[in-house]
Amino acid sequence: MEQQIIKVKNKKGVKVIPGFGLSLGITFFMLSALILIPLVSIFISASQLSFQEFVNVITSRQIVSGYVVSLSCAFFAALINAVFGLMLAWVLVRYNFPGKRLADGLIELPFALPTAVAGISLTYLYSDKGWIGSLFGKAGIKIAYTRIGITLAMIFVGIPFVVRAVQPVLEKLDRQYEEAAMMLGASRTYTFFRVVLPELFPALLAGFGLAFARGIGEYGSVVFIAGNLPYKTQIAPLLIISKLEQYKYADATAIALVLLLISFLLMLFINSLQIYMQKFIGT
Amino acid sequence: MKEKKRNYDQDVVGDGINTIQKVLEPVNGTSNNIVKYMLIGVCMLFLFLMLVLPLIVVIVNALKDGWTVYRKAVQNEYTIKALQLTLLATVSAVGINTIFGLFASFLLSKFYFKGRQLLATLIDIPFSISPVVAGLAFILTFGNIGWMGDFLKNHSIKIVFAVPGIILATIFVTFPFVFRELFPVMNAQGKDEEEAAALMGANGFTIFRRITFPHIKWALLYGIILCAARAMGEFGAVSVISGHLRGKTNTLPLHVEILYNEFNTTEAFAVSSVLVILAVLILIAKNFVEWKKR
Amino acid sequence: MYVEMKGINKTFDGFHASNNVSFGVEKGCLAALLGPSGSGKTTILRMIAGLDKPDSGDIMINNIKVNDMPGSKRGIGFVFQNYALFRYMTVAANIAFGLEVQKKSKTEIKNRVDELLQLISMEELGSRYPHQLSGGQRQRVAFARALAPNPQLLLLDEPFAAIDAKVRRELRVWLKGMIEKVGITSIFVTHDQEEAMEVADTVIITNQGNVEQVGTPEEICMHPQTDFVADFIDITRCETIIAAR
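Residues numbered from 1 in each chain as written. Chains lettered and ligands numbered in written order. Predicted model: local features only at pLDDT ≥ 70, side-chain atom pairs only at ≥ 80, totals over all residues.

**Quick word on the overall build of chain B**
- Scanning chain B from N- to C-terminus turns up 14 helices and 0 strands.
- Secondary structure of chain B in N-to-C order comes out as α-α-α-α-α-α-α-α-α-α-α-α-α-α.
- In chain B, which comprises 294 residues, the share counted as buried stands at 45%.
- For chain B, long-range pairs separated by at least 24 residues make up 78% of all intrachain contacts whose partners lie at least 6 apart in sequence. (Helix = DSSP H or I, 4+ residues; strand = E, 2+ residues; numbered from the N terminus. Buried ≥ 20, exposed ≤ 12 C-beta atoms within 10 Å, placed from the backbone. Contact = placed C-beta atoms within 7 Å.)

**Brief notes about the pairing of strand β7 (residues 153-157) of chain C**
Residues and elements named next belong to chain C.
- With 5 of 5 residues buried, β7 is to be regarded as a mostly interior element.
- On β7, burial covers both faces: L153, L155 and D157 on one face and L154 and L156 on the other are all buried.
- Pairing geometry for β7 and strand β8 (residues 185-190), over 5 bridges, is parallel. Counted as the bridge partner of L153 is T185 from β8.
- Between the parallel elements β7 and β8, the chain passes through helix α5 (residues 165-182) in a crossover that is right-handed. (Pairing = 2+ DSSP bridges. Right-handed = clockwise from strand over helix to strand, strands pointing away.)

**Structural notes on the environment of B:T265**
All names here are of chain B.
- Assignment of secondary structure puts T265 in helix α14 (residues 265-293).
- Residue class for T265 comes out partly exposed when judged on the 16 C-beta atoms lying within 10 Å of it.
- For the pair T265 and A62, spaced 203 residues apart in the sequence, the C-alpha separation amounts to 8.4 Å.

**Brief notes about the sheet that holds strand β2 (residues 15-25) of chain C**
Residue and element names in this part refer to chain C.
- Spatial ordering of the open sheet is given by β2-β1-β4-β5, a layout of 4 strands whose pairing is antiparallel. Edge positions in the open sheet fall to β2 and β5 (64-65), since each of these has one partner strand only.
- Direction of pairing for strand β4 (residues 56-61) relative to β5: antiparallel, over a ladder of 2 bridges. Bridging from a neighbouring strand, M60 pairs with K65 of β5.
- Lying on the sheet, helix α1 (residues 41-49) is in contact with β1 (3-12), β2 and β4; it crosses β1 at an angle near 115°. (Axes fitted to C-alpha atoms, helices over the stretch in contact; angles between N-to-C directions.)

**Thoughts on the environment of B:P131**
- Tracing the sequence through the fold places B:P131 in helix α6 (residues 131-142).
- Owing to 27 C-beta atoms within 10 Å, B:P131 belongs among the buried residues under this scheme.
- It is 40 Å that separates the C-alpha atoms of B:P131 and B:V35, two residues lying 96 residues apart in sequence.
- Aside from chain neighbours lying at most four places away, what touches B:P131 is A:G217, A:Y219, B:V173, B:E234, B:G236 and B:A237.

**A look at the sheet that holds strand β3 (residues 30-34) of chain C**
Residue and element names in this part refer to chain C.
- As summarised here, the arrangement of the 6 strands in space is β6-β7-β8-β3-β9-β10, forming an open sheet in which the pairing is mixed. Taken across any chain shown, the strands that pair with only one partner, and hence form the sheet edges, are β6 (76-79) and β10 (210-215). For this sheet, the mean angle separating the axes of adjacent strands, direction not counted, is 15°.
- By the bridge criterion, 5 bridges tie β3 to β8 in an arrangement that is parallel. Residue pairing in the sheet places L34 in a bridge with T190 of β8.

**Brief notes about the confidence of the model for chain B**
Residue and element names in this part refer to chain B.
- With 88% of its residues at a pLDDT of at least 70, chain B reaches an overall mean of 86.
- Across residues 1-17, confidence stays below pLDDT 50; counting only partners more than four residues off in sequence or on other chains, it has 28 contacts.
- This stretch, residues 22-27, has a pLDDT under 50; its non-local contacts, to residues over four places away or in other chains, come to 12 contacts.
- For this predicted complex, the interface confidence score (ipTM) comes to 0.88, while the overall pTM stands at 0.87. (pLDDT = per-residue confidence, 0-100.)

**Some points on the interface of chain A and chain B**
- If you look at the interface, chain A gives 71 residues, while chain B gives 75 residues.
- For the side of chain A that touches chain B, the leading source of residues is helix α2 (residues 20-47) of chain A, giving 16 residues.
- Class assignment of the residues belonging to the side of chain A that touches chain B gives a composition of 53 nonpolar, 13 polar and 5 charged. (Nonpolar A, V, L, I, M, F, W, Y, C, P; charged D, E, K, R; others polar.)

**Remarks on the nonpolar core**
- Within the largest apolar cluster, 166 residues are counted, with the highest numbers of intra-cluster contacts made by A:I240 and B:L136.
- When residues in this core are grouped by element, the largest group, 14 residues, is from helix α4 (residues 61-94) of chain A.
- With residues near it in sequence (within four places) discarded, A:I240 still touches A:A252, A:I255, A:A256, B:V132, B:V133 and B:L136.
- The next biggest cluster of nonpolar side chains, apart from the first, holds 77 residues, and it includes A:A180, C:L45, C:F97 and C:L147. (Core = buried A, V, L, I, M, F, W, Y, C linked by C-beta atoms within 7 Å.)

**With respect to the confidence of the model for chain A**
- When pLDDT is averaged along chain A, the result is 89; 94% of the residues meet or exceed 70.
- Scored below 50 in pLDDT, residues 1-11 of chain A makes 15 contacts in the model with residues more than four places away or belonging to other chains.

**Overview of the packing of helix α4 (residues 135-147) of chain C against α5(C)**
All names here are of chain C.
- With their axes 11 Å apart at the nearest point, α4 and α5 run at an angle of 20° to one another. One element, α4, and the other, α5, form an angle in the roughly parallel class. For α4 against α5, the interelement crossing comes out right-handed. The segment α4 lies against α5, with G136, Q139, F143 and L147 engaging V167, L171, M178 and V182. (Parallel < 35°, antiparallel > 145°, perpendicular 65-115°, else oblique. Left-handed = near helix turned anticlockwise from the far one by under 90°.)

**Here we look at the interface of chain C and chain A**
- With 20 residues of chain C at the contact, the number on the chain A side is 17 residues.
- At the level of elements, β6 and α2 (91-101) of chain C are the ones that each hand at least two residues to the side of chain C that touches chain A.
- It is α2(C) that provides the largest number of residues to the side of chain C that touches chain A, a total of 3 residues.
- The residue inventory of the side of chain C that touches chain A, partitioned by class, reads 13 nonpolar, 6 polar and 1 charged.

**Some details on the domain arrangement of chain B**
Residue and element names in this part refer to chain B.
- Along its sequence, chain B is organised into domain 1 (23-62) and domain 2 (65-293).
- On a C-alpha basis, the centroid separation for the pair domain 1 and domain 2 is 34 Å.
- Residue-level contacts link 5 residues of domain 1 with 8 residues of domain 2.
- Looking at side-chain class alone, the side of domain 1 that touches domain 2 contains 4 nonpolar, 1 polar and no charged residues. (Domains from an automatic or database assignment.)

**As for the packing of α2(C) against α4(C)**
All names here are of chain C.
- Look at α2 against α4: their axes get within 7 Å of each other, and the N-to-C directions meet at 25°. Accordingly, the angle class assigned to the pair α2 and α4 is roughly parallel. The way α2 lies across α4 gives a crossing that is right-handed. Contacts between α2 and α4 involve V91, N94, I95, F97 and G98 from the former and V141, A144 and R145 from the latter.
- Considered class by class, the residues forming the contact of α2 with α4 number 5 nonpolar, 2 polar and 1 charged.

Right, here's the structure in full:
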């Protein structure tokens, strides 16, 4: 097998490095067995539903409100993360201050901290009796068990995405662009919005997309703070689980299929926008 | 100096609006410093409120009822069993995903073939999918109603609501992590060195061990750390597939959920504190590797 | 003297980039800062532009001490080594940038942009993006952008470094002609003596942070004042170039 493939020609010439067949085989086997086949099961299972059944499930009031809650909260969380992520990346790249290393090292905490732990901790913090929740409570603002709380949990899990997407681009950004703008008389703010931001935009968008996708799919950190009130604070992933607990597999599959489509569309949109932006960079 | 006839009144010069202006402003105005400290302040406040404070909450609540209660919660039989299962799932996921990451990044960086881009996109799928959907996918494959359900039942293999399901779900959600760290490094390194070695007659394993591996060892370790961090904390996918059988299919994060929902708040935070310590250790390791990588 | 450097010193982390640098450039003159890489020539240019601050010494432009004046107020146009054209703006938007910042009226900006596009013979290409231009066209746009706000002094950092050797000569002639046509005092940095000898009226030779000699190409070529200059200049080649001017 290996011998044959080494002889296969391609545009870069002959494959001289051994191991192509083995690597290809193992990669495909593992990808198929662990990722693709389980995913295909969702489509197989969904195909057993008639179109009418499918539409009935996903247009029921409870499910629609689940999508609305998940998408809107994830969108606002990603937006807030885009703003703070951009600021954090800027501060971490451009300024020196005591504690910078520590702050930089903390950014991945939401990756490392189990979401359930984050969930109960945030719930405690922002509930009526919590350290922060009680402050807002006096002002009449409820955070835990409302969509604000859901958004907050989604902000938590999304923090690393924007920062880590923008940071390397900002580090590599040629200072000449800013100097050129400065020489032409632009203020720091004007230079940032007209010259720096467009350069960071593809990375910012990628980070936003990842944070958005993560927010839509997030379960662990959200269930605790959400309160899960029907039509109000039930997120779509929670609905999948509750349908499963009622053994309504078809319903769960339908909800999941729509979530899958949303994530694929989101990724497709962001990828194409990035490819479009890539053109400006040229060579 | 050679005299040159110059016409300074060419129309392009204009009226010289941008002549040197007789104003003296400091080059780096204090306003820039105000912006700087405001930005730093806002960012640090954000990090404190969103990241540090939740950690403090966990520790404070874990120790609220004293050291004895804490020790009892942490040394509880179910906690220990959950910890063991979490470690088993984490180690399995790291092992499997490391093997995959090595082969897949070697394949995509050292060989050119049609569909490379598509393959790279497929590998990234688990990043954009809800873990709950991933868990559902396994139930629809291996569960009673899944298309492999009957086959598994006849051979009395249990995957869903059992340990194998938890391991599979954990592998799924952390699948791209090692690949994601290895691929850019291997790709940047190119394939000249490997080709040279191959022409000298080295076999595949030797080439990997002697040529490729030294370039990627820190990236590999970094990927493993990220993968372990995510695997350890996975909740959604595992929650769907575990069936919540206490002492059997409960991971540490699921155990936290059960304790919390039973209003054993202090115990829940005590068990959480174990996970917080693990998370902080992972962060320290990550930063150490990052520093080594440079 | 339009530009004067008086005893400028500058160190970066203990590295002496400028060592008691003094020289002057006359109004309307095209001067070249020539030296091997690492000789401190770009640092000098950046200090004139206000992009770097000298540790000591005075920078005078038009008899005004500008040490504490921001670069944008010094009446300077700067052409960067890689042109630093804003990649997400069209050619016209790049040229208009410095005018928009000054809050000029729309018609005024449009007229000025058209005028400059005509000057660089790129009337048809105003709506292109930098990635759709050749290296030479990019240089011309950078030149027009720097000129747009009517500066009194033009600084160019290695203006030909990013250009193919084949068209470099052609562009040199073009740029020299253009600067003479506009009549703007200009200083450019180069490591290529052929370029300096062919284009400049005055050549300032730098080495290891010191100014070795200031003079016309002929003076430098015929009467090198230091061992370094004598060693650095290829006399036969320079004579041919100067003769061809």
